[in-house]
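Here are the chains, one letter per residue:
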Amino acid sequence: MNIMNVDYSTKIPNNVNLSEDRQVLKALEGWHPGYMNWWGDMGPEGFQQSLVYLRTAYSVDPRGWAKFDYVKMPDYRWGILLAPQEENRVIPFGENFGKPAWQEVPGEHRAMLRRLIVIQGDTEPASVEQQRHLGKTAPSLYDLRNLFQVNVEEGRHLWAMVYLLQKYFGRDGREEADDLLRRRSGDADAPRMLGAFNEATPDWLSFFMFTYFTDRDGKMQLHSLAQSGFDPLSRTCRFMLTEEAHHMFVGETGISRVLQRTVEAMRAAGISDPTDVAKVRALGVIDLPTMQKKLNLHYTLSLDLFGSEVSTNAANAFNAGIKGRYRETQIDDDHQLKNDTYPVLKLVDGVIKRVDEPALTALNMRLRDDYTQDCAKGMLRWNKIISTAGYDFKLTLPNVAFHRQIGEFRDIHATPDGVLIDDATWNKRRNDWLPSTDDGDFIASLMNPVTDIGSYAPWISPPKVGIDNKPGDFEYVKIET
Ligand SMILES: [Fe+2]
Ligand SMILES: [Fe+2]
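Just so we're clear, the structure is a prediction, and the values are computed from it rather than from any experiment.

### Some words on the coordination of the iron ion (ligand 2)
Donor atoms from the polypeptide that bind the iron ion (ligand 2) are Glu154 (OE), Asp215 (OD), Glu244 (OE) and His247 (ND1), placed at 1.8 to 2.2 Å. All donors of the iron ion (ligand 2) come from a single chain, and their spacing in sequence reads E-x60-D-x28-E-x2-H. In this structure, the iron ion (ligand 2) lies 3.5 Å from the iron ion (ligand 1), and both are coordinated by Glu154. Here Glu154 is found in helix 3 (residues 141-168), whereas its partner Glu244 is found in helix 6 (residues 231-268), with 90 residues between them in sequence. The class of Glu154 is buried, set by a relative accessible area of 3%.

### Details of the side chain of Thr300
Here Thr300 shows up in helix 8 (residues 288-304). Given the relative accessible area of 0%, Thr300 is considered buried. A polar contact of 3.1 Å, which involves the side chain of Thr300, links it to the backbone oxygen of Leu297. A polar contact is formed between the side chain of Thr300 and the side chain of His403, at a distance of 2.8 Å. The contacts of Thr300, once residues within four sequence positions are left out, are Pro398, Phe402, His403 and Arg404.

### Things to note about the pattern of salt bridges
Taken as a whole and assessed by the stated rule, the structure comprises 31 salt bridges. Here Lys293 makes a salt bridge to Asp439, at a shortest N to O gap of 2.7 Å. Here the residue Lys293 occupies a position in helix 8, and Asp439 occupies one in helix 12 (residues 437-446), the gap between them amounting to 146 residues. You'll find Lys293 and Asp439 in the same group, each marked buried. Two residues, Asp333 and Arg325, come together in a salt bridge whose shortest N-O distance is 2.9 Å. Judged by its relative accessible area of 27%, Asp333 is partly exposed. On the accessibility criterion, Arg325 (3% relative accessible area) is buried.

### Observations regarding the coordination of the iron ion (ligand 1)
Distances from the iron ion (ligand 1) to its protein donors, Glu124 (OE), Glu154 (OE) and His157 (ND1), fall at 2.1 to 2.2 Å. For His157, a relative accessible area of 0% gives the class buried.

### Remarks on the environment of Ile479
With respect to the helices and strands, Ile479 occurs in the segment after strand 7 (477-478). The exposure class assigned to Ile479 is partly exposed, which follows from its relative accessible area of 30%. Between the alpha carbons of Ile479 and His109 there is a distance of 48 Å; along the sequence they are 370 residues apart. The residues contacting Ile479, other than those within four sequence positions of it, are Phe47, Ser50, Leu141, Leu144 and Thr451.

### A short note on the pairing of strand 1 (residues 51-57)
When you tally the buried positions in strand 1, you get 6 out of 7 residues, the bulk of the element. Sheet analysis places strand 1 next to strand 2 (residues 66-72), joined by 7 bridges and oriented antiparallel. Residue pairing for strand 2: Arg55 is matched across the bridge by Phe68. Sheet analysis places strand 1 next to strand 7, joined by 2 bridges and oriented antiparallel. Across the sheet, Leu51 pairs through a bridge with Lys478, a residue of strand 7.

### A short note on the sheet that holds strand 2
One open sheet holds the 3 strands; their spatial order is 2-1-7, and the pairing between them is antiparallel. Each of the sheet's edge strands pairs with one partner strand only, and the pair in question is strand 2 and strand 7. Here helix 3 sits on the sheet and contacts strand 1, strand 2 and strand 7; the angle it forms with strand 1, its principal contact strand, is near 40 degrees.

### Thoughts on the side chain of Arg184
Summarising the element assignment, Arg184 is placed in the loop between helix 4 (170-182) and helix 5 (204-226). No salt bridge is formed by the buried Arg184; its nearest oppositely charged neighbour, Glu129, is found at 4.1 Å. Polar side-chain contacts of Arg184 include one of 2.7 Å to the backbone oxygen of Leu181. Filtering out sequence-adjacent residues up to four positions away, Arg184 remains in contact with Trp38, Met42, Glu129, Ala190, Pro191, Arg192 and Asn198.

### Let's talk about the packing of aromatic side chains
Per the counting criterion, the structure on display carries 31 aromatic pairs. Residues Trp426 and Trp433 carry aromatic rings whose centres are separated by 6.0 Å and whose planes lie at 40 degrees to one another, so their mutual orientation is tilted. Under the relative-accessibility criterion, Trp426 is labelled buried at 6%. A network of ring pairs unites the aromatic residues Trp31, Tyr35, Trp38, Trp39, Tyr76, Trp78 and Trp159 as a single cluster.

Cut-offs applied
- Residues numbered from 1 in each chain as written.
- Chains lettered and ligands numbered in written order.
- Predicted model: local features only at pLDDT ≥ 70, side-chain atom pairs only at ≥ 80, totals over all residues.
- Heavy atoms only, no water.
- Donors = N, O, S within 2.8 Å, 3.2 Å for Na, K, Ca; no water.
- Helix = DSSP H or I, 4+ residues; strand = E, 2+ residues; numbered from the N terminus.
- Buried < 20%, exposed > 50% of the residue type's maximum accessible area, 1.4 Å probe, protein only.
- Polar contact = N/O pair within 3.5 Å; in protein donor to acceptor, adjacent residues only side chain to side chain.
- Contact = heavy atoms within 4.5 Å.
- Salt bridge = Lys/Arg side-chain N within 4 Å of Asp/Glu carboxyl O.
- Pairing = 2+ DSSP bridges.
- Axes fitted to C-alpha atoms, helices over the stretch in contact; angles between N-to-C directions.
- Lys, Arg positive; Asp, Glu negative; His and termini not counted.
- Phe/Tyr/Trp six-rings, centres within 6.5 Å; stacked < 30°, edge-to-face > 60°.

Shown next, in the form of structure tokens:
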């Protein structure tokens, strides 16, 4: 079989020859109804009978892998797609550096591997749950379509992890696969595993921030797992990254379009001070200080996803050859980090200091630094929009000590500039730095759905280019009435 192309003749599309893997096929077919129930209960609210112009993967060739067509979401062909196997691939890091990559789970690392796959798998349905109410307030059909594209692909990413669990982890794998459908974002009894995935995504600005900042954490995690010595995991993650790029695009361009609209409205009204929040809000657009607050929130929630800066779990996963560094194969060193150090920001005697730690235990910090650098690129584009419009206002990433619940700074308070402050000051200033109830209410007041073809809500600009080279006034969703 041609591994590049996806077999659509079976109930579960795949390029892993499922039709000859009866046991796994049976397990996945057994899991399928539960997935569909989950999608019905926790997937997008409404629009399930609407025709959505979605891309579906038909190949794993990066040069051409997706086909666009109108699909009802429940009919989306969720499938198992792995990047092609690289011949003679070796483990690119850790104690097994240079040995052939594993095609089966190495017994001694089974528990660690399973846990990493479950944690990644848990985030995928979580985001669908978080975003399920947003369809009702979409600013355009174009945005509605993008939301649903992200949602069905996160659903597919769940399938990707479930395939690994069911194929390689026997009965425990099947139990974990069931649990992935049992937990719910924000649920008091059975929450999702990671903090940011239990937060609400109440409005479209949150959605854009989430896809920019939190999906980007996903990108970093997938990159590290794509380096894994466990080859099926590596191949799965490599293909997921192809889809993930669109999610971050939705976030970056979404925020760009909000900023564009805001500065245009400010200019048209002759407003020279971008911090005159009341005046800007009166125009029905989102003011820049509120944009900064939303950014502060989503960036810091996403930083927490990287875990503790210094972590023996991270060291163990690296030593074992299970989870590598961002772009591991492009790094010029011994890939074992035996005597290396890495600077870690820590709280030392009440002061934030850089401390050299063994590079092995500082891998979370390193990945988080790579993430921050990646985040900064979009910031440049956003700030360009503001400065081009003639406004002296800069969006910035807050200091890593600000608003943290995990790691070195979880027990202290700091300003976005990284100045340590006491509880009283924090409580007094919190609403200057993070979205307040008032800010949330204002944004909510703008969230009125726009469903006319080619129309856009007044707080956001139309996109520069449409999806699949279609124009902005294409009927991206045919809403069933
Ligand atoms: Fe995903
Ligand atoms: Fe994503």
